[in-house]
Amino acid sequence: MFDGPLTESLMGRARANGLIDLRIHDLRVFSTDPRHFKVDDRPYGGGAGMVLQAEPIYRALKRVRASAGRGRKRPKPYVVYLSPQGRVLNQKVAHALSRRSWIVLLCGHYEGVDERILRWVDEEISIGDYVLTGGELPAMVLADTVLRLVPGVVKERESIQKDSFQDGLLDYPHFTRPALWRGQKVPAVLLSGHHEEIQRWRKKQALAVTSRKRPDLVPK
Ligand code: SAM
């Protein structure tokens, strides 16, 4: 599932350039079942669905931690469990995560994980109030959102600073060539070359767009 999003485009380049180090760990490797490499079991109390067992996750976390070497001063990863019950991801949360040097993303599946593993989880994060089949897509959403904030990953830092939510507003509208397309003109100010006026126009547009599309953001 992770091939593609993590090997293409921005993330692929950032990995190839050594700006970020991203590794995928298969829970089945840490299974307690030597025959079928099972990592799930039926829920206590009955009911539909399966639950990811705590032990394979515990072993996987232990192995990942050990990769930092030994000793009390070794770095510790910040462990995030992707869960619909967690704090909802937004640009502010992404900024805070981008300042951490090492994050482990735990993906659930089926009904979720055995609750007892949460003692080893630092935070639960949700990508929104809806339920996906597994934590893989949420993990990729989180990774992409957070990693593009890591210095150097997006070459033109300015483009991040103007993105929606950075300063509480949505982004202003963008236009490219041709200046006249199917009867629609590019706003004249953008062709004027007058830098200050363009900046003023963009700020005003950002406010107008935010009021129209996301009025809830405006008071902030
Ligand atoms: N029974 C769980 C509940 O209602 O809270 C949902 C389990 S869901 C089918 C399986 C896994 O998908 C979860 O353990 C979690 O890792 C992931 N997942 C589903 N929706 C998510 C969301 N909105 N944000 C983050 N992860 C999500």
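Our subject is the structure listed above.
What this report covers is the structure whose coordinates are included nearby. (Residues numbered from 1 in each chain as written. Predicted model: local features only at pLDDT ≥ 70, side-chain atom pairs only at ≥ 80, totals over all residues. Heavy atoms only, no water.)

Examining the pairing of strand E4 (residues 103-107)
At step 1: When strand E3 (residues 78-88) meets E4, the two strands line up parallel, connected through five bridges. Paired with Tyr-78 across the two strands is Ile-103, which belongs to E4.
At step 2: The β-α-β motif built from E3, the intervening helix H3 (residues 91-98) and the parallel element E4 has right-handed crossover chirality. (Pairing = 2+ DSSP bridges. Helix = DSSP H or I, 4+ residues; strand = E, 2+ residues; numbered from the N terminus. Right-handed = clockwise from strand over helix to strand, strands pointing away.)

Observations regarding the site of the ligand
At step 1: Residues in contact with the ligand amount to 21 residues; listed here are only the nearest, Tyr-81, Leu-82, Gln-85, Gly-108 and Tyr-130.
At step 2: In this structure, Gln-85 approaches the ligand through a side-chain N or O atom, which is 2.8 Å from an oxygen atom.
At step 3: Contact between the ligand and Gly-108: an oxygen atom at 2.9 Å from a main-chain N or O atom of the residue.
At step 4: For the ligand, the accessible surface in isolation is 590 Å², of which the surrounding protein chains cover 85%.
At step 5: Per-element tally for the shell around the ligand: the top contributor is E3, with five residues. (Near = heavy atom within 4 Å. Polar contact = N/O pair within 3.5 Å; in protein donor to acceptor, adjacent residues only side chain to side chain. Areas by Shrake-Rupley, 256 points an atom, 1.4 Å probe, with all protein chains shown as cover.)

What about helix H1 (residues 9-16)?
At step 1: Those residues of H1 that fall on the buried side of the exposure criterion are Leu-10, Met-11, Gly-12 and Ala-14.
At step 2: Where H1 is buried, its residues meet helix H4 (136-147).
At step 3: Once H1 ends, the next one or two residues include Gly-18, with phi positive near 75°. (Buried < 20%, exposed > 50% of the residue type's maximum accessible area, 1.4 Å probe, protein only. Contact = heavy atoms within 4.5 Å.)

Considering the side chain of Asp-40
At step 1: Structurally, Asp-40 can be placed in strand E1 (residues 40-41).
At step 2: For the buried Asp-40, no salt bridge is present, and the opposite-charge side chain at shortest range is Lys-38, 4.7 Å distant.
At step 3: Each residue touching Asp-40, except ones within four places of it in the same chain, is listed here: Met-50, Val-51, Leu-52, Gln-53 and Tyr-110. (Lys, Arg positive; Asp, Glu negative; His and termini not counted. Salt bridge = Lys/Arg side-chain N within 4 Å of Asp/Glu carboxyl O.)

Examining the packing of H3 against H4
At step 1: Contact geometry of H3 with H4 gives a least axis separation of 8 Å together with a crossing angle of 75°. On the basis of the axis angle, H3 is roughly perpendicular to H4. Residues Gln-91, Ala-94, Leu-97 and Ser-98 of H3 pack against Leu-142, Thr-145 and Val-146 of H4.
At step 2: Here the contact of H3 with H4 is built from residues that sort into four nonpolar, three polar and no charged. (Axes fitted to C-alpha atoms, helices over the stretch in contact; angles between N-to-C directions. Parallel < 35°, antiparallel > 145°, perpendicular 65-115°, else oblique. Nonpolar A, V, L, I, M, F, W, Y, C, P; charged D, E, K, R; others polar.)

Regarding the nonpolar core
At step 1: Of all hydrophobic cores here, the largest spans 28 residues; its most connected members are Leu-89, Leu-97, Ile-125, Leu-142 and Leu-147.
At step 2: When residues of this core are traced back to their parent elements, those giving at least two are H1, E3, H3 and H4.
At step 3: Sort the elements by how many residues they give to this core and H4 lands first, with six residues.
At step 4: Ignoring sequence-local partners within four residues, the contact set of Leu-97 consists of Tyr-78, Val-80, Ile-103, Ile-125, Leu-142 and Val-146.
At step 5: If you look at the next biggest cluster of nonpolar residues, it comprises 17 residues, including Ile-57, Leu-61, Val-104 and Leu-106. (Core = buried A, V, L, I, M, F, W, Y, C linked by side-chain atoms within 4.5 Å.)

Side note on the sheet that holds E3
At step 1: The sheet built from three strands is open, its strands ordered E4-E3-E5 with parallel pairing. For this open sheet the edge positions go to E4 and strand E5 (123-126), each flanked by a neighbour on one side alone. Across the sheet, the axes of successive neighbouring strands diverge by a mean angle of 50°, strand direction being ignored.

Notes on H4
At step 1: With twelve residues, H4 ought to run about 16 Å at 1.5 Å a step, and its terminal C-alpha atoms sit 16 Å apart, in line with that.
At step 2: Of the positions making up H4, those classed as buried are Glu-136, Pro-138, Ala-139, Met-140, Leu-142, Ala-143, Val-146 and Leu-147.
At step 3: Summarising the contacts, the buried residues of H4 are in contact with H1, E3, H3, E4 and E5. (Expected span 1.5 Å × (residues − 1).)

Comments concerning unusual backbone geometry
At step 1: In this model, Arg-177 is joined to Pro-178 through a cis peptide bond whose omega is 5°.
At step 2: Phi angles above zero are rare outside glycine, and Phe-37 is one such case at about 55°.
At step 3: Within the secondary structure, Phe-37 is located in the loop between H1 and E1.
At step 4: Using a relative accessible area of 44% as the deciding quantity, one classes Phe-37 as partly exposed.
At step 5: The phi dihedral of Tyr-110 falls on the positive side, at around 50°, and the residue is not glycine.
At step 6: For Tyr-110, the location among the structural elements is in the loop between E4 and E5.

It is worth stressing that arrangement in space is one thing and function is another; only the former is reported here.
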